Structures are given as structure tokens and as C-alpha cells.
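Fold and contact review
Take a look at the letters that make up each chain.
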Amino acid sequence: MARLLDDDRLGRSNPDPEAAAKDGGSALLAGLLGDFATDHARLRALLEPHFSPERMLALRPYVEKLTGRLLDGLAGQKPPVDLRQALALPLPIQVMCEWLGVPQEDKDRFGSWTQDAANVGDPVRSEQGLGELFGYCRQLVADKRRNPGDDVISRICATEGINDNEVLGLTALLLFGGYETTVARIGTCVSLLLADPEQWQALLDDPGLVPGAVEETLRMSMPNPHNGGMPRYALTDFEIDGVTIRTGDFVLLNIIAANHDETVFADPGRIDVARDTTGSLVFGRGAYSCVGAMLARMQLQVVLTQLVARFPTMRLAVGVEELGLRHNTLIGGLIQLPVTW
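Cut-offs and rules
Residues numbered from 1 in each chain as written. Predicted model: local features only at pLDDT ≥ 70, side-chain atom pairs only at ≥ 80, totals over all residues. Heavy atoms only, no water. Axes fitted to C-alpha atoms, helices over the stretch in contact; angles between N-to-C directions. Helix = DSSP H or I, 4+ residues; strand = E, 2+ residues; numbered from the N terminus. Left-handed = near helix turned anticlockwise from the far one by under 90°. Contact = heavy atoms within 4.5 Å. Nonpolar A, V, L, I, M, F, W, Y, C, P; charged D, E, K, R; others polar. Buried < 20%, exposed > 50% of the residue type's maximum accessible area, 1.4 Å probe, protein only. Pairing = 2+ DSSP bridges. Core = buried A, V, L, I, M, F, W, Y, C linked by side-chain atoms within 4.5 Å. Parallel < 35°, antiparallel > 145°, perpendicular 65-115°, else oblique. Polar contact = N/O pair within 3.5 Å; in protein donor to acceptor, adjacent residues only side chain to side chain.

This part covers the packing of helix H8 (residues 107–117) against helix H9 (residues 123–146). At a minimum axis separation of 7 Å, H8 and H9 run at an interaxial angle of 140°. Where H8 crosses over H9, the handedness of that crossing is left-handed. Between H8, through Arg109, Phe110, Trp113, Thr114, Asp116 and Ala117, and H9, the contact on the second element is made entirely by Arg125, Ser126, Gly129, Leu130, Glu132, Leu133 and Tyr136. By residue class, the composition of the contact of H8 with H9 is six nonpolar, three polar and four charged.

Among the five residues in strand E3 (residues 230–234), four count as buried, and that is most of the element. Where strand E1 (residues 10–11) and E3 come together, two bridges link them in antiparallel fashion. The residue of E3 that forms the bridge with leucine 10 is alanine 234.

With that settled, consider the sheet that holds strand E7 (residues 315–316). As summarised here, the arrangement of the three strands in space is E2-E8-E7, forming an open sheet in which the pairing is antiparallel. In the strand order of this sheet, the two ends are held by strand E2 (81–82) and E7, each with one partner. Strand direction decides the pairing type here: E2 and strand E8 (residues 338–340), joined by two bridges, are antiparallel. Residue pairing in the sheet places valine 81 in a bridge with valine 339 of E8.

With that settled, the discussion passes to the side chain of serine 154. The residue serine 154 is located in helix H10 (residues 152–157) in this model. In this structure serine 154 touches Lys144, Pro148 and Gly149, once residues within four positions along its chain are discounted.

Moving on to the sheet that holds E3. Strand order across the open sheet formed by three strands is E1-E3-E6, with antiparallel pairing between neighbours. Only two strands of the sheet have a single neighbouring strand rather than two, namely E1 and strand E6 (250–253). Bridge analysis of E3 against E6 gives four bridges, and the strand direction is antiparallel. By the bridge assignment for E6, methionine 230 is matched with leucine 253.

So, on to the nonpolar core. Trp99 and Leu307 are the most contacted members of the largest nonpolar core, which totals 84 residues. Here this core gets 15 residues from one element, more than from any other, and that element is helix H11 (residues 164–194). Not counting chain neighbours up to four residues away, the residues in contact with tryptophan 99 comprise His50, Phe51, Met56, Leu59, Asp151, Val152, Leu174 and Leu295.

With their axes 10 Å apart at the nearest point, helix H7 (residues 90–100) and H8 run at an angle of 115° to one another. Viewed along their axes, H7 and H8 adopt a mutual orientation that is roughly perpendicular. As for the relative orientation of H7 and H8, their crossing is right-handed in sense. For the pair H7 and H8, contact is made by Ile93, Gln94 and Cys97 and by Lys107, Phe110 and Gly111, respectively. Its residues placed into classes, the contact of H7 with H8 shows three nonpolar, two polar and one charged.

Turning to its location among the elements, threonine 278 is positioned in the loop between helix H14 (255–258) and helix H15 (293–310). Given a relative accessible area of 68%, threonine 278 falls into the exposed group. Residues threonine 278 and glutamate 215 lie 63 residues apart in sequence; the distance between their C-alpha atoms is 8.8 Å. A polar side-chain atom of threonine 278 sits 3.0 Å from a polar atom in the side chain of aspartate 276.

Set out below in C-alpha cells:
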């Protein structure tokens, strides 16, 4: 699986545009990426500097301060409280605003658009959400061209040889990917740990286990409820394990199955915050690995660190079986996360 994730015979874009248009997920990705959909190497080269360790380190104090403020609000409420509404939803939106250079007063607007765009059950709603998101980003890019600041969108605008449509696509992609996925990850990360009191206690006993807990919950969590994998298309004919793949064939790389491979992870269905997760494929591998992985990890680490320190007695307010999944969205995640303490 790791080899296929980094195999240049597989690409993210269907070589047949007609077929690609019928796939909601692919159509959404192509809509966000525009011309970049077929130029992955250039896309990565443009994005990677903005996700550098130095940039993430500089952003971390803001994430810590914001998380603390949101948890202050949580502490002031009478439990049970929906942790998704109190923390998982507002944190990534405001972090993306700060990092990208989006005015904070606009956070609620683009949050609803990205949720609509990710809706796989209602194509009309998805199209409208995408249209609203692009319209907003077009105005935002124009503003950054006129009045650049110390933010990601301004720096992308200043990149030599990049046109407005490309900046627009990157901005929409970052807003969508950086918000929706992190909301889902925070919810599943915290719920998995609260559902296993022994593992939660391990973090209380040793907060140094938090980074490992983040990796383990990412390994265990489902990226989306529809396919559980990373979609690829064959760019040429080839054979793997005796199976012939033809050009244009849809290939789903099931990372959930890979991350539960017993030959790599002993007792894979059990959560273990001290586990060695170096074989995890949750963010892909190689040239196609998720460029925003470091930003997602950093936010999850901050959230877990502060939750453990401030709410050591936190527990689920409902049974695990009552935690419903969002099945109408490309990203997935929980409908709500009721907690008490």
C-alpha cells in the first residue's frame, strides 16, 4: 500500500474528464484545484514552504492561546456540553483565518460554505457551496493583491508566475481542506480516547504521550464514511499482484485496511497511545502525502495537551454507540460529541 501511494503510475485525476465529472469527490477536488488538478508537482512546490516547521512553530502560540480561550468558555458551561460545537468547530476556522489572512469576522460565512461544498448527498447544495466559496476567495485574492499582509494568501499572490485563478484555487483548497478535515479529526481523536478510560489515564499520568496519542487516534479514525481510502486513477496499464490495471481504471487505496494490518500493528483494533505508529499511512506517503499534515498534527497536539491538563475527569456523556457519524459529507466526522466532567 505504501508503495502504491507513491506510485507515479497512479494519479489523482481521471485521464477521462467525462468519467471524472460523474464522481462527486473528484469533481469537487478538480473544482478546487482548477489547473493544478493535473500538475501535482507544481502544486506541492507552491504549498510546501507555507507548511514548513518554522511556520508551524510560529503559528503554535496562537493555536495555544485560542484553544485556551475556547476551553475557558467550555469550563463556564454546565455539563454535558457538545465538545464539537464548543471546540472542534471554532478552533480550525479561526486558525485558518489567522494563518491564511482571512478576516475573522468572515469565519462563519466560509465555514458554512465549505460544509455545503463537502455535501455528497446533495449535488446542488455542494455546487452552491463551492460557488459561494470561490466568489468569496476571488474577492479575498483581489484584496490581498491591493493590500498584502504577512499571511499565506499574500505570499502566494507574490509568487512569481502564478495567476489569479491559480491563487484562487489554492486559497479555496486550503480553506476547505484545512477546516473540514481538522474538525473531523479533533472529534474522532478526543472521542476515541474518552471511550477508553485506560488510555485517557495514560495521558494523565504522562502528558509526554500526547504526540503518540495523536498519531494512534489518527491511525484508528476513519477519514470519511464513504470509501475509507484515497482515490487514484491509473495513468497507464500495469499489473500488481497478478491483477491487471488498465489506463483510466479507478483504484481505491484503502488506508483504513492498511492501518489495521496485523502484520504492521499488533492487535490493530485496540487503541494504544504508546504504540509505534511509524507505519501509519493516514496522511499518505511520498510525493502524494498530505502537505497540511503538520498543521493538523499541531492543532491536535495542542487540543489534547490542554484538555488533559484542564479537564482530567472529562468523559463521554453518552455511550459510544450513540455517537453518530456524518454520512452526508465527503470528510465524515461526528455529528456531535457530548462530554461531561
